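An overview of the molecular structure
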Amino acid sequence: MTNPDYLWTPSPVASLPVRGQTERLPIHRIFCVGRNYHAHAIEMGRPVDKSVERAFYFTKSPQTLVSSGATVPYPPETKDYHYEMELVLVVGKPGFRVPAERAHEVIYGYACGLDMTRRDLQLVAREKGRPWDLGKDIEQGSVCSEVVPMEGVVIERGELVLEVNGQTRQQSDLSKLIWNIREIIADLSLFYHLQPGDLIYTGTPEGVGAVLPGDRIDGRIEGVGDIVLHVGAPE
Ligand code: MN
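Let us look at the structure shown here. Bear in mind the structure is a predicted one, so any value in this text is a computation, not a measurement. (Residues numbered from 1 in each chain as written. Predicted model: local features only at pLDDT ≥ 70, side-chain atom pairs only at ≥ 80, totals over all residues. Heavy atoms only, no water.)

The sheet built from 3 strands is open, its strands ordered E10-E7-E16 with antiparallel pairing. Edge positions in the open sheet fall to strand E10 (117–118) and strand E16 (209–210), since each of these has one partner strand only. Two strands pair when backbone bridges link them, and strand E7 (residues 81–83) and E10 are joined in this way by 2 bridges, in the antiparallel orientation. Bridging across to E10, His82 finds its partner in Thr117. (Pairing = 2+ DSSP bridges. Helix = DSSP H or I, 4+ residues; strand = E, 2+ residues; numbered from the N terminus.)

So, in structure tokens, the structure goes:
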């Protein structure tokens, strides 16, 4: 196959390092699950009743991905830049309308993620019924650790912790997910043909809050790994 001629050099493919591998994992899309821990849904003023509600999703561009350890500028047009510590599910096989009992077949592995959020802009959008893009689709706002290969493994529990400057701000357990890993894959694959390299940020527990220039965020998930982000000065 010959490469087509482009007017200029295309942007590089977003990718992540993989534990124990020299090859990097190419990223296709970034999906995020909204409100997926009860205590966080309540702190956002929108409790979830699973018996009558369905999970919802939003997307972030792959171009917003940044690796753990980075220093990112405090983003423009916000006064309330929030961290959200999340388990990231990495899809390794195509899947469409995947039954929950077969969901493990599409799992490549997991990572630790930060779904960084301009909370002030997200809440304005929410109240006015506008899209969330300005609040969520933030340049260098999708932080991810190395990917840990765990083919076919469904994670059901494990402590999740986030610290800012060494102080614990989020502490929960993956067993508290409202929609668990199998349910997320089954439901999301009703809307999308899941593809290798799709990342699914599975939602954040309670304790979200703001960071400031100079802050250091440390997160970890039991059985997966850890993640670091340094917040730099505004541009
Ligand atoms: Mn989130």
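Don't stop here, the text continues.
It is worth spelling out a nonpolar patch on the surface at this point. Taken together, the side chains of Leu190, Phe191 and Tyr192 present a nonpolar region at the surface, about 280 Å² in accessible area. Looking at the secondary structure, you find Leu190 in helix H4 (residues 181–191). The exposure class assigned to Leu190 is partly exposed, which follows from its relative accessible area of 43%. (Patch = residues over 30% accessible without salt bridge, like charges linked within 9 Å, V, L, I, M, F, W, Y side chains within 5 Å. Areas by Shrake-Rupley, 256 points an atom, 1.4 Å probe, with all protein chains shown as cover. Salt bridge = Lys/Arg side-chain N within 4 Å of Asp/Glu carboxyl O. Buried < 20%, exposed > 50% of the residue type's maximum accessible area, 1.4 Å probe, protein only.)

Looking now at empty space enclosed by the protein. Enumeration according to the criterion identifies 1 cavity of 30 Å³ or more in this entry. For the largest cavity, the calculated volume is near 130 Å³. Surrounding the largest cavity, 18 residues form its lining, Arg35, His40, Glu84, Gln122 and Trp132 being those nearest its centre. Ranked by residues supplied to the lining of the largest cavity, first place goes to helix H2 (residues 119–128) with 3 residues. (1 Å grid on protein atoms, 1.4 Å probe; cavity = no way out; pocket = protein on both sides within 12 Å on 5 of 7 lines; lining within 4 Å. Points joined across faces, edges and corners; volume = space filled by probe spheres on them.)

Take the pattern of salt bridges next. The full count for this structure, using the stated rule, is 14 salt bridges. Here Glu146 ties to Arg19 by a salt bridge, and the two come within 2.7 Å at their closest N and O atoms. Pair noted here: Glu146 is in the loop between strand E11 (142–144) and strand E12 (148–149) and Arg19 is in the loop between strand E1 (15–16) and strand E2 (25–26), with a separation of 127 residues, a long-range link. When its relative accessible area of 31% is taken as the criterion, Glu146 is described as partly exposed. Linking Lys60 and Asp115 is a salt bridge whose minimum nitrogen-to-oxygen distance equals 2.5 Å.

In short, the description is geometric, and any link to function would need to be established separately.
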